[in-house]
Amino acid sequence: KTKELGRDGYQFFTSEMKDKIDMEARIETDLRVGIEADQLELYYQPQIDLSDGSISGFEALVRWNHPEQGLVSPAYFIPIAENTGLGPALSRCVLDQAMTTAKDWSNKGVDFGRIAINLSPQHLKRGNFLDDFSAAMQKHQVSPNHLTVEVLESYLFDDPNSDIANILTLLRERGILVELDDFGTGYASLSHLSSLPVNGLKIDQSFIREINEDIKQSGIVSSLISMTNLMGMHVVCEGVETREQFTILRQFSNCSAQGYFIQRPMDKQKTESWIEHWHPARFLAEIDKIQPL
Ligand code: C2E
Ligand code: MG
Ligand code: MG
Ligand code: MG
C-alpha cells in the first residue's frame, strides 16, 4: 500500500503520521467522553518523612478506567490530552477529585498531610487556572495547608512573561506548597532554583535509581539535598524502589521519600486503610532488623 503512495520513505512517513493523528483523534474522542462519564480516577502514593517515617503527604496520580482497555496509564493519555486541548478539562476533573478527597479525609480525621496535585501546562497557560483552582477549593472548603502542587521545570522555562511564575507565587502566598517535579532532568540549576517561586523539589527517579550502584551518584544526591535544605526548601526523593536505596537516603539530611519500596499508588479507599495501618516506627524497625548498618 505504501508503494502506491510514492517512491520512498517520505510518503511512508506521512502515512504513519496520519495513522498517529487518527489514533490521537480517536483517543481524544474517547477521553472527552471518559471525562464526562467519570472514568478518570485518582490514585494516591504516600510520601514519608525519612527522619521518623511519618506521612508527609500523598501524590495524586490520575488513571483512566477505560471501558474496554481497563486501567490506562497517564504516561499514555496525558500527552494526548495536552496536545489536543483537553488538558484544562482533564485538569479541572483532577482538581475536583483531589479536593473532594482532601475534604473527605479532613472530615474523617484521616491524617494525610497534603495531597500533591500535578498541574497541567495547558491549564496554567490558557485556562482560567486560578479561577478554577479557587473555585474548587471554595466548593469543597479545602484548607490550603492540605495542598501541594507539582510543576515541571520546563513550564517555568517556557514562560517568557512569567505568567506561570505569577500564578505559582499567588498560590504560595495562600499557603499552598509548590514543588518542582522531576528535578535534574531539565535545565534548572541549583543557583537558578533560589529565584524560582517554589518551596521544594522532587529529585527525579533517574538519580535515585543509581545511588546504590555508584558512590559518586549518591554523593550528588546527598549534596543536592543538603544545598536545597540550606536554601530553606525541602526535598522529596522519587522512585525509591529498594531497601538499599531507602537506607542510603535515610543517612542523608532532611528529605521525604516516595516509591514502590514504600507503597505503590492506591485507589482512595485502599489509601484510607493504608493510612490507618501505617506504623512508622515499626516500618523503620523492620528495615533496621534485616540489615543493621
Ligand atoms: P510524575 O508526576 O513524575 O509521577 C511519578 C510517577 O512515578 C508516577 O507514574 C508513579 O506511579 C511512578 N512511580 C512512583 N514510585 C515509583 C517507583 O518506585 N518506581 C518507578 N519506576 N516508578 C514509580 P504515573 O502514575 O504513571 O504517572 C506518570 C506521569 O503522568 C506523572 O509523572 C505525571 O507527569 C503525569 N500525571 C499523573 N497524574 C497526573 C495528573 O493528575 N495531572 C497531570 N497533569 N499529569 C499527571
Ligand atoms: Mg508528579
Ligand atoms: Mg516526578
Ligand atoms: Mg515524571
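Everything quoted here is computed from the prediction, not taken from an experiment. (Residues numbered from 1 in each chain as written. Chains lettered and ligands numbered in written order. Predicted model: local features only at pLDDT ≥ 70, side-chain atom pairs only at ≥ 80, totals over all residues. Heavy atoms only, no water.)

Trainee: With reference to specific residues and values, describe the coordination of the magnesium ion (ligand 2).
Mentor: Distances from the magnesium ion (ligand 2) to its protein donors, Glu59 (OE), Asn118 (OD1), Glu150 (OE) and Asp181 (OD), fall within 2.0 to 2.2 Å. A spacing of 3.9 Å is found between the magnesium ion (ligand 2) and the magnesium ion (ligand 3), which share Asp181 as a donor. A residue pair is termed long-range when its members are at least 10 positions apart, and Glu59 in strand β2 (residues 55-66) and Glu150 in strand β5 (residues 147-152) qualify at 91 residues. The same class applies to Glu59 as to Glu150, namely buried. (Donors = N, O, S within 2.8 Å, 3.2 Å for Na, K, Ca; no water. Helix = DSSP H or I, 4+ residues; strand = E, 2+ residues; numbered from the N terminus. Buried < 20%, exposed > 50% of the residue type's maximum accessible area, 1.4 Å probe, protein only.)

Trainee: Pulling in residues and values, what's your account of the pairing of strand β1 (residues 40-49)?
Mentor: Among the 10 residues that make up β1, 8 are buried, leaving the element largely enclosed by the rest of the structure. Where β1 meets β2, 9 bridges bridge the pair, whose relative direction is antiparallel. The residue of β2 that forms the bridge with Leu40 is Trp64. Between β1 and the antiparallel strand that follows it, β2, lie 5 residues; Gly53 among them carries a positive phi value of about 80°. Of the strand pairs in this sheet, β1 and strand β9 (residues 256-257) are connected by 2 bridges, and their pairing is antiparallel. Its bridge partner being in β9, Asp49 is matched across the sheet by Ser256. (Pairing = 2+ DSSP bridges.)

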